[in-house]
Amino acid sequence: MKRRQLIARALVWLGAAAAWPLLALRAEASSLREQLARSPYVYVSPLRSDGSESRCHAEVWFAWLDESVVMIVSSDRWKARAIGRGLAKARIWVGDQGRWKGLLSLNERFRSAPSFDAIGEQVADEALLDRLLAAYEAKYPEEIGKWRDKMRRGYADRSRVLVRYRPEQPL
């Protein structure tokens, strides 16, 4: 093999080796988007002002709408109260890792799931609520009948709030 061919091949290998982490990262992000599109739950932990996680790590119904995790929660829950207090950052894990309450909570399995940090906001948007409930109809067909009207009434009387979490970094 000639010296030029050897150098050319070495440069190709070096370029591929340098690009590999970027390609893997892009595949992981694509995979995370796909998981958000099909996962029944996310686990959300509001972050305190020092960046540490709160103790709130419950599985939550959600929809992936407009590049955001959207949900409706009781206004007295930590997720809503934290945002109301200016603690908008949260960590979100994606996937069904079992119920948080009960024995499964002891192993914190959700921590092995893909995750990202996000900025949350409370949103007053009737059209977004309609889209969220339509997504819930498709995603949770067996349970939504019990919750749909409660969610609508709660949104109307403000005992429930619409929350949108946008990833801090593009996925």
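Above this text you will find the structure in question.
Here we summarise the structure given alongside this text. What you are looking at is a predicted structure, and each value in this text was computed from that prediction instead of being measured. (Residues numbered from 1 in each chain as written. Predicted model: local features only at pLDDT ≥ 70, side-chain atom pairs only at ≥ 80, totals over all residues. Heavy atoms only, no water.)

1. Details of the packing of aromatic side chains
The line we're drawing: We call Phe, Tyr and Trp rings a pair once their centres come within 6.5 Å, taking the six-membered ring for Trp, and we label the pair stacked below 30 degrees between planes, edge-to-face above 60, and tilted otherwise. Strands are runs of DSSP state E lasting at least two residues, helices are runs of H or I lasting at least four, and both sets are numbered from the N terminus onward. Exposure is judged per residue with a 1.4 Å probe applied to protein chains only, and the accessible area is read against the type maximum: over 50% gives exposed, under 20% gives buried, and values in between give partly exposed.
Per the stated rule, a full pass over the model turns up three aromatic pairs. With 5.4 Å between their ring centres and 80 degrees between their planes, tryptophan 61 and tyrosine 136 make a pair best called edge-to-face. Of this pair, tryptophan 61 sits in the loop between strand 2 (58–60) and strand 3 (63–65) while tyrosine 136 sits in helix 3 (residues 126–139), and the two are 75 residues apart along the sequence. Judged by centre distance (5.4 Å) and plane angle (75 degrees), the ring pair of tyrosine 136 and tyrosine 140 falls under edge-to-face. Accessibility expressed as a relative area gives 0% for tyrosine 136, which makes it buried. The exposure class of tyrosine 140 is buried, given its relative accessible area of 3%.

2. Here's the deal with the pairing of strand 1 (residues 42–46)
Consecutive side chains along a regular strand alternate between the two faces of the sheet. Threshold: What makes two strands pair is DSSP finding at least two bridges between them.
Where burial is concerned, most of strand 1 is hidden: five out of the five residues are buried. A two-sided burial pattern is seen for strand 1, the buried positions comprising Val42, Val44 and Pro46 on one face and Tyr43 and Ser45 on the other. Across three bridges, the pairing between strand 1 and strand 2 is antiparallel. Residue pairing for strand 2: tyrosine 43 is matched across the bridge by glutamate 59. Two strands pair when backbone bridges link them, and strand 1 and strand 5 (residues 89–94) are joined in this way by five bridges, in the antiparallel orientation. Bridging across to strand 5, serine 45 finds its partner in arginine 91.

3. A word on the side chain of serine 54
For clarity, the threshold we go by: In what follows, residue pairs with any heavy atoms lying within 4.5 Å of each other are defined as contacts.
Relative to the elements of secondary structure, serine 54 occurs in the loop between strand 1 and strand 2. With a relative accessible area of 4%, serine 54 lands in the buried category. Ignoring any residue separated from it by four or fewer positions in sequence, one finds serine 54 in contact with Ser45, Pro46, Arg48 and Trp78.

4. Examining the pattern of salt bridges
We count it as follows: A side-chain nitrogen of Lys or Arg and a carboxyl oxygen of Asp or Glu constitute a salt bridge if their distance falls within 4 Å.
Counted by the stated rule, this structure contains 10 salt bridges. Across the pair glutamate 126 and arginine 152 runs a salt bridge whose closest N-O atoms are separated by 3.9 Å. Of this pair, glutamate 126 sits in helix 3 while arginine 152 sits in helix 4 (residues 144–157), and the two are 26 residues apart along the sequence. We classify arginine 152 as partly exposed; its relative accessible area is 33%. Through salt bridges with shared partners, one network takes in Glu53, Arg91 and Asp117.

5. Remarks on the packing of helix 3 against helix 4
In plain terms, the rule: Working convention: axes come from line fits to C-alpha atoms, limited for helices to the stretch in contact. Angles between N-to-C directions cover 0 to 180 degrees. Roughly parallel refers to an angle under 35 degrees, roughly antiparallel to one over 145, roughly perpendicular to one between 65 and 115, and oblique to any angle outside these ranges. Residue polarity follows a fixed list, in which Ala, Val, Leu, Ile, Met, Phe, Trp, Tyr, Cys and Pro are nonpolar, Asp, Glu, Lys and Arg are charged, and the others, Gly among them, are polar.
Put simply, helix 3 and helix 4 touch, their axes get as near as 11 Å, and they point 170 degrees apart. When the axis of helix 3 is compared with that of helix 4, the two are roughly antiparallel. Each of Glu126, Leu129, Asp130, Leu133, Tyr136 and Glu137 in helix 3 lies in contact with helix 4, whose residues at this interface are Ile144, Arg148, Met151, Arg152 and Tyr155. Within the contact of helix 3 with helix 4, the residues separate by chemical class into six nonpolar, no polar and five charged.

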